Amino acid sequence: MKKALLSVLMVLAMSTVAMASEAAAEAATTAAPAVNLALVCLAAALSVGVAALGCGIGMGAGIGGACSGIARNPEASGKITVTMIIGLALIESLTIYGLVISLILLFANPLLK
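Residues numbered from 1 in each chain as written. Predicted model: local features only at pLDDT ≥ 70, side-chain atom pairs only at ≥ 80, totals over all residues. Heavy atoms only, no water.

Thoughts on the overall build of the protein chain
And step 1. Counting its regular elements, the protein chain contains 3 helices and 0 strands.
And step 2. For the protein chain, the succession of helices and strands along the chain, N to C, is α-α-α.
And step 3. Looking at the protein chain as a whole, 11% of its 113 residues qualify as buried.
And step 4. Put simply, of all contacts in the protein chain between residues at least 6 apart along the chain, 75% involve residues at least 24 apart.
And step 5. For the protein chain, the accessible area works out to roughly 8,500 Å², and carbon and sulfur atoms hold 78% of it. (Helix = DSSP H or I, 4+ residues; strand = E, 2+ residues; numbered from the N terminus. Buried < 20%, exposed > 50% of the residue type's maximum accessible area, 1.4 Å probe, protein only. Contact = heavy atoms within 4.5 Å. Areas by Shrake-Rupley, 256 points an atom, 1.4 Å probe, with all protein chains shown as cover.)

Structural notes on helix α3 (residues 77-107)
Every α-helix carries 3.6 residues per turn, so stepping three or four residues along brings you back to the same face.
And step 1. For α3, spanning 31 residues, the distance from its first C-alpha to its last is 44 Å, which sits close to the expected 45 Å at 1.5 Å a residue.
And step 2. Among all positions in α3, only L88, T95, G98 and S102 are buried. (Expected span 1.5 Å × (residues − 1).)

What about the confidence of the model for the protein chain?
And step 1. Summing up the model confidence of the protein chain, the mean pLDDT is 81 and the portion of residues at 70 or higher is 68%.
And step 2. Mean pLDDT values over the elements of the protein chain span from 63, in helix α1 (residues 2-18), up to 92, in α3. (pLDDT = per-residue confidence, 0-100.)

Brief notes about the environment of C67
And step 1. If you trace the backbone, C67 turns up in helix α2 (residues 22-72).
And step 2. Expressed as a C-alpha distance, the spacing of C67 and T81, which sit 14 residues apart in the sequence, is 9.0 Å.

A few points about the side chain of S47
And step 1. Note that S47 resides in helix α2.
And step 2. You can call S47 buried: its relative accessible area is 17%.
And step 3. At 3.4 Å, the side chain of S47 and the backbone oxygen of G98 are in polar contact.
And step 4. Dropping the residues within four chain positions of it, S47 is found in contact with G98, I101 and S102. (Polar contact = N/O pair within 3.5 Å; in protein donor to acceptor, adjacent residues only side chain to side chain.)

Focus: the side chain of T95
And step 1. Counting through the fold element by element, T95 comes out in helix α3.
And step 2. Each residue touching T95, except ones within four places of it in the same chain, is listed here: A51, A52 and C55.

Set out below in structure tokens:
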């Protein structure tokens with residue numbers, strides 16, 4: 001019964017979108033550049049923010065693991081440090097990819113011209 005009710009509501013909701021008037025569509029196309037710019041700015045901010053958040057968590061876990069490994073076996077600190085630095089550089093490259101995506105969205109987006 002719930003599925004049938006949800007299906008009916010979905011059809012009714014989609015029909016209102018399909019039956020929209022031309023005036024509303026015309027008004028939407030005039031406001032589209034401002035909306036596109038706002039969405040692109042939001043996407044650029046999210047691409048950098050989410051990338052930095054995830055990489056920060058990964059870096060913290062990596063450094064914590066390296067510190068505990070050095071504390072347990074101080075003789076292997078050289079190997080652990082080198083491996084940790086290589087891992088941190090690879091993690092940081094993911095954040096740079098997020099920055100590149102945001103710069104592409106902001107400066108090379110054909111929808112904003």
